[in-house]
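Residue strings, one per chain:
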Amino acid sequence: MTLHQQVRQRLFDIEQAMRDAEIWQPQPPARAAFDSVEPFCIDTMDAQQWLQWILLPRMHALLDRDAPLPERFALTPYFEEALPEAIALLTQLRQLDRLLSGEVYD
């Protein structure tokens, strides 16, 4: 499986973990929430909103264009603070971090 395929699968796994944890939202936040200049839109969105409405679509767009992927990726520390109870989601985020940082794992 290529790196792009592995990342795409991990994104699907993150979405499923969010759905399983019942933090997947059917509607996006207000348009103004997307105008934040803060990391993770921390001033306008909850962590799970940023993950669902910013990161996942942007990552899928990169994959769709076969564009270079981010390196030295580290989402997990933020989400360990923001959503410490979302164990399955944190597991998936750790795996995405490792994958995009070049760490090999099964």
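Definitions and cut-offs
Residues numbered from 1 in each chain as written. Predicted model: local features only at pLDDT ≥ 70, side-chain atom pairs only at ≥ 80, totals over all residues. Heavy atoms only, no water. Helix = DSSP H or I, 4+ residues; strand = E, 2+ residues; numbered from the N terminus. Rg over C-alpha atoms; globule rule 2.2 N^0.38 Å. Buried < 20%, exposed > 50% of the residue type's maximum accessible area, 1.4 Å probe, protein only. Contact = heavy atoms within 4.5 Å. Expected span 1.5 Å × (residues − 1). UniProt positions renumbered as here; feature names shortened; annotations may be inferred. Polar contact = N/O pair within 3.5 Å; in protein donor to acceptor, adjacent residues only side chain to side chain. Phe/Tyr/Trp six-rings, centres within 6.5 Å; stacked < 30°, edge-to-face > 60°.

K.L.:
Help me understand the overall build of the protein in this model?
P.N.:
A count of helices and strands for the protein gives four helices and zero strands. The globule rule puts the C-alpha radius of gyration for 106 residues at 13 Å, and the 13 Å found for the protein is close to it. Seen along its three principal axes, the alpha-carbon backbone of the protein occupies a region of about 35 × 30 × 25 Å. Every one of the 106 residues in the protein was classed for burial, and the buried ones make up 42%. Long-range pairs, those at least 24 residues apart, make up 62% of the contacts in the protein between residues at least 6 apart in sequence.

K.L.:
Can you help me understand helix α4 (residues 87–100) in this one?
P.N.:
For an α-helix, the turn length of 3.6 residues means that residues three or four places apart are oriented alike. Over its 14 residues, α4 runs 20 Å from end to end, which matches the ideal 20 Å to within 8%, given 1.5 Å per residue. Where α4 is concerned, the buried positions are L89, L90, Q92, L93, Q95, L96, D97, L99 and L100. As for α4, its buried residues are in contact with α1 (3–20), α2 (47–64) and α3 (76–82).

K.L.:
Can you help me understand the UniProt feature "domain: YqcC-like" (unreviewed entry) in the protein in this one?
P.N.:
Using the residue numbers shown here, the UniProt feature "domain: YqcC-like" (unreviewed entry) corresponds to residues 6–99. Across residues 6–99, the secondary structure splits into 56% helix and 0% strand, with the terminal C-alpha atoms separated by 8 Å.

K.L.:
Is there a simple way to think about the environment of D43 in this case?
P.N.:
By secondary structure assignment, the location of D43 is in the loop between α1 and α2. If sequence neighbours within four positions are ignored, D43 has contacts with S36 and E38. Within the local environment of D43, its side chain forms a polar contact with the side chain of S36, the two groups lying 2.4 Å apart.

K.L.:
Explanation requested: unusual backbone geometry in the structure shown.
P.N.:
It is generally the case that most residues other than glycine have a negative phi and that most peptide bonds are trans. Here the phi dihedral of D66 falls at roughly 55°; this positive angle occurs in a residue that is not glycine. Examined against the element boundaries, D66 turns out to sit in the loop between α2 and α3. The exposed category is assigned to D66, whose relative accessible area is 58%. Phi angles above zero are rare outside glycine, and R72 is one such case at about 50°. Among the secondary structure elements, R72 is positioned in the loop between α2 and α3. We classify R72 as exposed; its relative accessible area is 77%.

K.L.:
Is there a simple way to explain the packing of aromatic side chains in this structure?
P.N.:
The geometry of an aromatic ring pair is captured by two quantities: the separation of the ring centres and the angle between the planes. Per the counting criterion, the structure on display carries five aromatic pairs. Taking 6.3 Å as the distance between ring centres and 90° as the angle between the ring planes, the aromatic pair formed by F40 and F79 counts as edge-to-face. Placement of the pair is F40 in the loop between α1 and α2 and F79 in helix α3, with a sequence separation of 39 residues. A relative accessible area of 23% places F40 in the partly exposed class. The buried category is assigned to F79, whose relative accessible area is 0%. Every member of this aromatic cluster is reached through a ring pair, and the members are F40, W50, Y78 and F79.

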